[in-house]
Structures are given as structure tokens and as C-alpha cells.
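# Structural features, examined
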Amino acid sequence: MTRSDEVTPVAGRGEPIRVLIVDDHALIRRSLELALAAEADIEVVGEASDGREAVELAGRLLPDVVLMDVRMPKQDGIEATRAIKESVPSTRIIMLTVSDEEEDLFEAIKAGATGYLLKDVQLDEVPDAVRGVHEGQSLINPAMAAKLISEFANMSRKEAERPPQLPVPKLTEREMEVLRLVAKGMNNREIAKELFISENTVKNHVRNILEKLQLHSRMEAVVYAVRERLLEIT
């Protein structure tokens with residue numbers, strides 16, 4: 001798996017990133033907690049062993065990022081993700097999965113997840129993954145992004161007769177260029193190189209896109225654009 005951008009801690013950022021860990025295996029929860037405990041800019045604020053408990057804790061603790069197992073008793077991670085995004089929409093959710101199975105990832109992103117981590121990931125990669133999604137990046141490799149967008153494109157074509165329910169916010173030509181490259185799984189550095197602009201300019205374009213579409217992550221923006229037929233994926 002590749003991360004969409006390398007993100008490093010920013011000195012003087014202020015409040016640490018609040019993280020909720022959700023997994024039905026105590027050993028995995030402990031491993032993730034240890035991986036994050038040494039990071040000055042990250043604080044583990046709670047743990048849950050099933051989806052139902054995760055929803056309750058998220059509503060009370062208001063975490064910035066949730067590390068969420070896909071398969072759990074009582075309520076699975078996908079259902080819990082959907083509920084958390086409804087109650088705390090600003091929370092970014094990373095799915096924990098044993099395989100990058102297309103169907104699970106597709107359902108997780110539809111539910112509002114920002115991306116996923118394989119459970120066999122190196123533990124020293126977890127802090128950067130948390131920082132990445134907190135900064136608005138998506139933890140989805142280019143190959144899986146292409147498959148995911150293809151699925152949404154198929155759905156969009158099937159719904160071709162459905163008119164948009166609300167006026168679709170208008171993106172500039174440059175914002176559409178950036179969105180198309182995001183849909184290909186490119187990170188900010190790669191997009192900047194492709195368009196001959198700075199990384200900061202790319203970040204500004206992404207921020208404007210999310211503000212216009214009233215969304216929280218790059219992947220959500222791509223999914224929305226495909227669904228509303230702003231973006232054609234071939």
C-alpha cells in the first residue's frame with residue numbers, strides 16, 4: 001500500500017490529533033496504541049471493541065481520526081463508519097482490514113471512510129497515516145482508487161436518467177484538472193509536477209474543491225463528482 005502524500009509533524013501545531021482505536025482484538029488495539037503513544041502530536045483518547053461502542057465513544061469523545069476494524073461483532077466497521085460520519089462528520093476514518101478486497105473498500109468509502117490500512121502494515125507507518133488523513137489525504141493506492149472510481153462510474157451510468165436533486169456547485173477548469181488527477185490516485189507532489197504548479201497551490205485547489213462541495217476528503221470529492229457526472233472516468 002502506498003500513502004497519497006508523505007506528511008510530517010508540524011512544529012507548534014497546538015492540540016494533538018485525537019485518535020479513537022476500534023478493533024475486537026485486544027492485541028491489535030494495544031499494538032496500535034503503542035505505535036501512536038510515542039508521538040507528541042497524536043493522542044489516543046479511547047478504544048472500542050465493537051462498532052456499537054465505537055459510535056457511542058465517537059459521539060462523546062469527538063475524535064479527529066478513527067482507526068476502524070472492518071469486521072467486528074454487534075455492529076461492523078462499515079455500519080459504524082456510516083453512523084459516526086452522520087453524528088461527527090468532521091471525523092476522518094481509516095479502515096483496518098486484512099486484505100484490500102475491492103468490495104469491502106467500496107462499501108467503506110461509500111460509508112464515508114477516508115481510506116484503509118492493511119493489518120500487516122509496519123507499525124511505524126501508522127502515525128504518518130493518521131497525520132495524512134487528518135491533513136485531508138486519502139489512504140488509497142492508485143490501483144484501488146481506479147477500481148473504486150470505476151465502480152462509481154458504473155453506478156453513475158446506471159443512474160443516467162436521474163436528474164441532480166440540487167444545483168451542483170461549479171468548479172473552475174483548474175479545479176477540475178486537479179480533481180481528475182486526484183481520481184488517478186496522484187498525490188499533491190505528483191499533481192504539482194503534472195500541472196507545473198507548486199504543492200501549496202495544489203493544496204489550495206483541493207481545499208477550495210472540498211469547501212465548494214461541502215465534503216471532508218479528496219476521495220469523497222471524487223466520488224461526488226462521478227456521481228453528479230461532473231467527472232467522467234473512462
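Notes on the structure follow. Quantities reported herein were computed from a predicted structural model and do not represent experimental measurements.

About the cut-offs
Residues numbered from 1 in each chain as written. Predicted model: local features only at pLDDT ≥ 70, side-chain atom pairs only at ≥ 80, totals over all residues. Heavy atoms only, no water. Salt bridge = Lys/Arg side-chain N within 4 Å of Asp/Glu carboxyl O. Helix = DSSP H or I, 4+ residues; strand = E, 2+ residues; numbered from the N terminus. Buried < 20%, exposed > 50% of the residue type's maximum accessible area, 1.4 Å probe, protein only. Core = buried A, V, L, I, M, F, W, Y, C linked by side-chain atoms within 4.5 Å. Contact = heavy atoms within 4.5 Å. Axes fitted to C-alpha atoms, helices over the stretch in contact; angles between N-to-C directions. Parallel < 35°, antiparallel > 145°, perpendicular 65-115°, else oblique. Nonpolar A, V, L, I, M, F, W, Y, C, P; charged D, E, K, R; others polar.

### Considerations on the pattern of salt bridges
Taken as a whole and assessed by the stated rule, the structure comprises 12 salt bridges. The salt bridge involving Lys119 is made with Asp23; its shortest N-O contact spans 3.0 Å. Placement of the pair is Lys119 in the loop between strand E5 (115-118) and helix H5 (126-134) and Asp23 in the loop between strand E1 (17-22) and helix H1 (26-37), with a sequence separation of 96 residues. Notably, a salt bridge pairs Arg131 with Asp41, separated by 2.7 Å at the nearest N-O pair. Taken together, the residues span a long stretch of sequence, with Arg131 in helix H5 and Asp41 in the loop between H1 and strand E2 (42-48) at a distance of 90 residues. Arg131 sits in the buried class, given a relative accessible area of 3%. Asp41 gets classed as buried once you look at its relative accessible area, which sits at 14%. Via salt bridges that share partners, Glu39, Asp41, Asp128 and Arg131 belong to a single interconnected network.

### Observations concerning the nonpolar core
A general feature of soluble globular proteins is that nonpolar side chains tend to end up buried together. Membership of the largest hydrophobic core comes to 27 residues, with the highest contact counts inside it found for Val22, Met68, Met95 and Ile109. Discounting residues that sit within four places of it in the chain, Met95 has contacts with Met68, Asp69, Val70, Gly77, Ile78, Thr81, Ala108, Ala113, Gly115, Tyr116 and Leu117. Counting 22 residues, the second largest nonpolar core, distinct from the first, contains Ile209, Ala221, Val222 and Tyr224.

### Comments concerning helix H7 (residues 173-183)
Taken together, the buried positions of H7 are occupied by Glu175, Met176, Val178, Leu179, Leu181, Val182 and Ala183. Just downstream of H7, Gly185 is the residue with a positive phi angle, here 85 degrees.

### Side note on the packing of H7 against helix H10 (residues 218-227)
Close contact between H7 and H10 brings their axes to 10 Å; oriented N to C, the two are set at 105 degrees. When the interaxial angle is binned, H7 and H10 end up roughly perpendicular. Of H10, the residues touching H7 (which contributes Leu179, Val182 and Ala183) are Arg218, Ala221, Val222 and Ala225. Taken together, the residues of the contact of H7 with H10 sort by class into 6 nonpolar, no polar and 1 charged.

### Things to note about the environment of Val55
Following the sequence through the fold, Val55 ends up in helix H2 (residues 51-61). Residues Val55 and Ala83 lie 28 residues apart in sequence; the distance between their C-alpha atoms is 6.6 Å. Residue contacts for Val55: discarding those within four places in its chain leaves Gln75, Ala80, Ala83 and Ile84.

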